[in-house]
Amino acid sequence: MVVRVLRLGHRPDRDKRVTTHLILAARAFGAVGTVYAGKRDLTLEETVRDVVDDWGGDFSLEYSDSWRGVIREAGSRGSVIHLSMYGLPIQDVIDSIRDDPLDKLVVVGGAKVPGEVYRIVDWNVAVTSQPHSEVSALAVFLHELFEGSELDASFKGAKLRVRPQARGKLVEEVRDGV
Ligand SMILES: C[S@@+](CC[C@H](N)C(=O)[O-])C[C@H]1O[C@@H](n2cnc3c(N)ncnc32)[C@H](O)[C@@H]1O
């Protein structure tokens, strides 16, 4: 099962940090790529490219001017999950979502999510019914979906790797890229 993320309604002037964090969370927690909609943002794309270049993995970032098209295309081949505080509690539906072997598109909103999104997806899923953030909702969703296996992922082709420390920071350069 391959998981991609669709970020709706990116606004370069207001959302640069949160969209960057969302995309980096998607990558760190096991998604293979993100598509973002809204306004195209070349600075965002460069930032993510630089991170992937340094820290490895086959993560893709694409822009689409049609979120509807991305959802329809993903829905024709797999399942589409929209994260929303108004959806069904994650703890009630995550087993069914995980048991479905089809590829997944996880949709997260921005400032205003069009009502149509709620109707055309397969699942509207809430990570608590409290308002928080697309970044926290996505991280918890992926962690529950992958049952923690994503924490042991290795990122092929990395130039940099953290050597975990009880205290302090140690980053080493990877020579073989494995
Ligand atoms: C800051 S919220 C804004 C939502 C906006 N008010 C709307 O029209 O739905 C941005 C995104 O965070 C995610 N989100 C926030 N709280 C959530 C929750 N409790 N469960 C799942 N997703 C959540 C949703 O994807 C939402 O679209």
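In what follows, the accompanying structure is described.

The rules behind the values
Residues numbered from 1 in each chain as written. Predicted model: local features only at pLDDT ≥ 70, side-chain atom pairs only at ≥ 80, totals over all residues. Heavy atoms only, no water. Helix = DSSP H or I, 4+ residues; strand = E, 2+ residues; numbered from the N terminus. Rg over C-alpha atoms; globule rule 2.2 N^0.38 Å. Buried < 20%, exposed > 50% of the residue type's maximum accessible area, 1.4 Å probe, protein only. Contact = heavy atoms within 4.5 Å. Areas by Shrake-Rupley, 256 points an atom, 1.4 Å probe, with all protein chains shown as cover. Lys, Arg positive; Asp, Glu negative; His and termini not counted. Charge placed at Lys NZ, Arg CZ, Asp CG, Glu CD. Pairing = 2+ DSSP bridges. Right-handed = clockwise from strand over helix to strand, strands pointing away. Near = heavy atom within 4 Å. Polar contact = N/O pair within 3.5 Å; in protein donor to acceptor, adjacent residues only side chain to side chain. Nonpolar A, V, L, I, M, F, W, Y, C, P; charged D, E, K, R; others polar. Core = buried A, V, L, I, M, F, W, Y, C linked by side-chain atoms within 4.5 Å. Axes fitted to C-alpha atoms, helices over the stretch in contact; angles between N-to-C directions. Parallel < 35°, antiparallel > 145°, perpendicular 65-115°, else oblique.

### Focus on the overall build of the protein
In terms of regular secondary structure, the protein is built from six helices and eight strands. Of the regular secondary structure in the protein, the N- to C-terminal order runs β-α-β-α-β-α-β-α-β-α-β-α-β-β. Taking 178 residues into account, the globule formula puts the C-alpha radius of gyration at 16 Å, and the protein, at 16 Å, falls close to it. Each principal axis of the C-alpha atoms in the protein carries an extent, and together these give about 50 × 35 × 30 Å. For the protein, the residues scored as buried account for 42% of the 178 residues in total. Partitioning the contacts of the protein with sequence separation of at least 6, the portion at a separation of at least 24 is 80%. When the accessible surface of the protein is totalled, it reaches about 10100 Å², and 50% of it is carbon and sulfur. For the protein, the separation between the mean place of its 24 positive charges and that of its 27 negative charges on side chains is 5 Å.

### Looking at the environment of Arg 11
Counting through the fold element by element, Arg 11 comes out in the loop between strand E1 (3-10) and helix H1 (12-28). Between the C-alpha atom of Arg 11 and that of Gly 30, which follows or precedes it by 19 residues, the distance is 25 Å. Among all residues touching Arg 11, those that are not within four sequence positions of it are Lys 16 and Ala 111.

### A short note on the pairing of strand E3 (residues 60-63)
As judged from the four bridges shared by strand E2 (residues 33-38) and E3, these two strands associate in the parallel manner. Bridge pairing in E3 places Thr 34 opposite Leu 61. Crossover E2 to E3 through helix H2 (residues 42-55) is right-handed.

### Quick word on the site of the ligand
The environment of the ligand is formed by 19 residues, the closest being Leu 83, Val 127, Thr 128, Gln 130 and Glu 134. Measuring from a nitrogen atom of the ligand, one finds a backbone N or O atom of Val 127 at 2.9 Å. For the ligand, a nitrogen atom lies 2.6 Å from a polar atom in the backbone of Gln 130. Across the complex, the protein chains shield 80% of the 570 Å² of accessible surface that the ligand would expose by itself. Elements represented by at least two residues in the shell around the ligand include exactly strand E4 (79-89), strand E6 (123-126) and helix H6 (134-145). Residue contributions to the shell around the ligand peak at three residues, all from E4. Taken together, the residues of the shell around the ligand sort by class into ten nonpolar, seven polar and two charged.

### Section: the nonpolar core
Grouped together as the largest cluster of nonpolar side chains are 27 residues, with contacts concentrated most on Leu 83, Val 125, Leu 138 and Phe 141. Breaking this core down by element, the ones donating at least two residues are E1, H1, H2, E4, helix H4 (90-99), strand E5 (104-108) and H6. Looking at this core element by element, the count peaks at five residues for H6. Not counting the four nearest positions on each side in its chain, Leu 138 is found in contact with Val 5, Leu 22, Ala 26, Leu 83 and Val 106. Membership of the second largest hydrophobic core comes to 14 residues, among which are Leu 6, Val 80, Val 113 and Val 121.

### Some thoughts on the environment of Arg 14
Relative to the elements of secondary structure, Arg 14 occurs in helix H1. It is 23 Å that separates the C-alpha atoms of Arg 14 and Ser 60, two residues lying 46 residues apart in sequence.

### Topic: the packing of H1 against H6
One way to put it is that H1 packs onto H6 with a least axis distance of 9 Å and a crossing angle of 5°. Comparing the axis directions of H1 and H6 gives the class roughly parallel. For the pair formed by H1 and H6, the contact residues are Val 18, His 21, Leu 22, Ala 25 and Ala 26 on the first element and Glu 134, Val 135, Leu 138 and Leu 142 on the second. The residue makeup of the contact of H1 with H6, split by class, is seven nonpolar, one polar and one charged.

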